[in-house]
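Each chain is listed here by its residues.
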Amino acid sequence: MTKIDHKEARETLVKSLQETFPGEESDELGAAVGHWLQSPNHDVPFLSTSMRKHCCRLLQSSKPPKGVNKRVGEDHEYYQLLLPIDWSDIPFPPVETPKFKFIDLFAGIGGFRIAMQELGGKCVFSSEWDLPAKATYEANFGEVPYGDIRRIDETTIPDHDVLCAGFPCQPFSLAGVSARNSLNQASGFAHETQGTLFFDIMRIVKAKRPQCVFLENVKNLVGHDRGKTFAVIESSIRSLGYDFRYELIDASPLVPQKRVRCYMVCFRDTDRTFAFPKIEGAPLPLKSILEEQVDPSFTISERLWAGHQRRTRNNLERGTGFTAFCADIDKPANTIVARYGKDGKECLIPQSGKPPRMLTPRECARLQGFPEEFLIPVSKGQAYKQFGNSVAIPVIRKIARNIVELLPRRGT
Ligand SMILES: C[S@@+](CC[C@H](N)C(=O)[O-])C[C@H]1O[C@@H](n2cnc3c(N)ncnc32)[C@H](O)[C@@H]1O
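Residues numbered from 1 in each chain as written. Predicted model: local features only at pLDDT ≥ 70, side-chain atom pairs only at ≥ 80, totals over all residues. Heavy atoms only, no water.

Engineer: I'm lost on the nonpolar core in this one. Help?
Structural biologist: Note on soluble globular proteins: their nonpolar side chains tend to be buried together. Membership of the largest hydrophobic core comes to 60 residues, with the highest contact counts inside it found for Val162, Phe214, Leu286, Leu359 and Ile399. No other element matches the seven residues that helix H14 (residues 393-406) contributes to this core. Split by domain, this core shows at least three residues from each of two domains, domain 2 (90-285 + 372-412) and domain 3 (286-371). Dropping the residues within four chain positions of it, Val162 is found in contact with Phe100, Lys101, Phe102, Ile103, Met116, Pro210, Cys212, Phe214, Ile403 and Leu407. Counting residues in each nonpolar core, the second largest holds 51 residues, with Leu29, Phe167, Met202 and Phe230 among its members. (Core = buried A, V, L, I, M, F, W, Y, C linked by side-chain atoms within 4.5 Å. Buried < 20%, exposed > 50% of the residue type's maximum accessible area, 1.4 Å probe, protein only. Helix = DSSP H or I, 4+ residues; strand = E, 2+ residues; numbered from the N terminus. Domains from an automatic or database assignment. Contact = heavy atoms within 4.5 Å.)

Engineer: So what exactly am I meant to see when it comes to the sheet that holds strand S3 (residues 100-105) here?
Structural biologist: Think of a sheet as strands paired side by side through backbone hydrogen bonds, with each pair either parallel or antiparallel. Ordered by their spatial adjacency, six strands build an open sheet running S4-S3-S5-S6-S8-S7, and the pairing between neighbours is mixed. Because the sheet does not close on itself, it has two edges, and the strands there are strand S4 (121-126) and strand S7 (245-250). Neighbouring strand axes in the sheet, compared pairwise and without regard to direction, differ in orientation by 25 degrees on average. (Pairing = 2+ DSSP bridges. Axes fitted to C-alpha atoms, helices over the stretch in contact; angles between N-to-C directions.)

Engineer: How should I be thinking about the pattern of salt bridges in this particular structure?
Structural biologist: Should the charged atoms of two oppositely charged side chains come close, the side chains can pair. For the coordinates displayed, the defined rule picks out 21 salt bridges. Measuring nitrogen to oxygen at the nearest pair gives 2.9 Å for the salt bridge that ties Arg113 to Glu143. Residue Arg113 is located in helix H5 (residues 111-118), and its partner Glu143 is located in the loop between helix H6 (131-141) and strand S5 (162-165); the two are separated by 30 residues in the primary sequence. Grouping residues by exposure puts Arg113 and Glu143 together as buried. (Salt bridge = Lys/Arg side-chain N within 4 Å of Asp/Glu carboxyl O.)

Engineer: It is not clear to me how unusual backbone geometry should be interpreted in this structure. Could you clarify?
Structural biologist: You will see that Phe46, though not glycine, has its phi angle at about 65 degrees, which is positive. Within the secondary structure, Phe46 is located in the loop between helix H2 (29-38) and helix H3 (49-59). Residue Phe46 is classed as partly exposed on the basis of its relative accessible area, which comes to 34%. The phi torsion at Arg209 lies on the positive side, around 50 degrees, for a residue other than glycine. When you line up the elements, Arg209 lands in the loop between helix H8 (197-208) and strand S6 (212-218).

Engineer: For this particular structure, what's the right way to read the side chain of Asp148?
Structural biologist: Along the chain, Asp148 turns up in the loop between H6 and S5. A relative accessible area of 16% places Asp148 in the buried class. Side-chain polar atoms of Asp148 contact the side chain of Arg150, separated by 2.8 Å. Apart from the residues lying within four places of it in its own chain, the contact partners of Asp148 are Glu28 and Trp129. (Polar contact = N/O pair within 3.5 Å; in protein donor to acceptor, adjacent residues only side chain to side chain.)

Engineer: Hey, could you run me through H6 in this one?
Structural biologist: Residues spaced three or four apart along an α-helix point in a common direction, a consequence of the helix completing one turn every 3.6 residues. Among the residues making up H6, those that are buried are Ala133, Lys134, Thr136, Tyr137, Glu138, Asn140 and Phe141. Among the structural elements, helix H1 (6-20), H2, S3, H5, S4 and helix H13 (380-389) are those in contact with the buried residues of H6.

What follows is the structure, encoded as structure tokens:
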């Protein structure tokens, strides 16, 4: 059977749907068709039944095979019969025999997805509104995420076992909060665009009742607004009948980066007691992930380096603010943040006889534990932002393993 390239299939279907259903299609049609190609036996948002039938007819002029039910383990068989799609150009194609289903909210570049797919999970819905992040996601997973989660009707999201979300942290992060305080702007839940996104997660949980909710955020979430923010998060989750466990975990025994994050795991049936994995051991050294040959364009200018040193000296005297040092490559890097690309002050690599250099995007990918085959199709600046926003995959992987063990076995 000749296979059809997934991008070509998506483009053909979108074009034909626009012609056949004028006025009915939405600006999310590309995401909708892409999701459907990965999970053809699911309803997906913004793709009506008649549109799906139209897609089936176009791709293979036969009806979907009868008698194939919708149990998770049989997705692959169904999909092979119906849609002979070629995913060979993407490094992380949909899993063939899924053990469970998950959704990827605030998906960024898919840090959660890599870990969950490795454990046999099938992603049945993803959402991310940043266009460059969507491009990286598509290049790696062959799926364009849906956009603004606030515009998604929660009842149209496919059923799933685990809801994953590293929801935006600016409203709660130390840097974000102090910047907003100094501008007299609201932080936390009162932050006008990003603060309420946690409640979008809650409306999905309420409608879809996944077995488990797996969240990640900055460590400052716990103490934000003297603990009130975190108390609201915990009580909102508990009020929906979920258990609530959290732990602050430093990633540095698994990746050479100091990155303490708050991980929250909430199971629907409170008799299944989740325990966080022990993540201990000596921190890894930054030198273990450095590239050998680095282009001279990563070396910062004499002028920038002199400016960094001057500002650092002044601020150290005042005891506040900006500090930039060369990293000790025998120790883990400082936390990589979205703004790293601006001046690199969080982590500069010393070089003899010249100013230090920035990390490369590939080194940032390694600091977050991304596999080497992960594609970086965007500009340097966007790549720094995307890896700075992302999760430390090895931590997610370890926690996810303990989650998956508690999910009911399928087909037994
Ligand atoms: C902390 S990052 C999560 C990164 C992700 N966990 C990863 O592994 O790359 C939060 C993401 O939420 C996205 N975001 C913010 N508001 C959104 C919204 N209303 N709808 C969809 N995505 C949104 C941001 O663009 C950002 O990429």
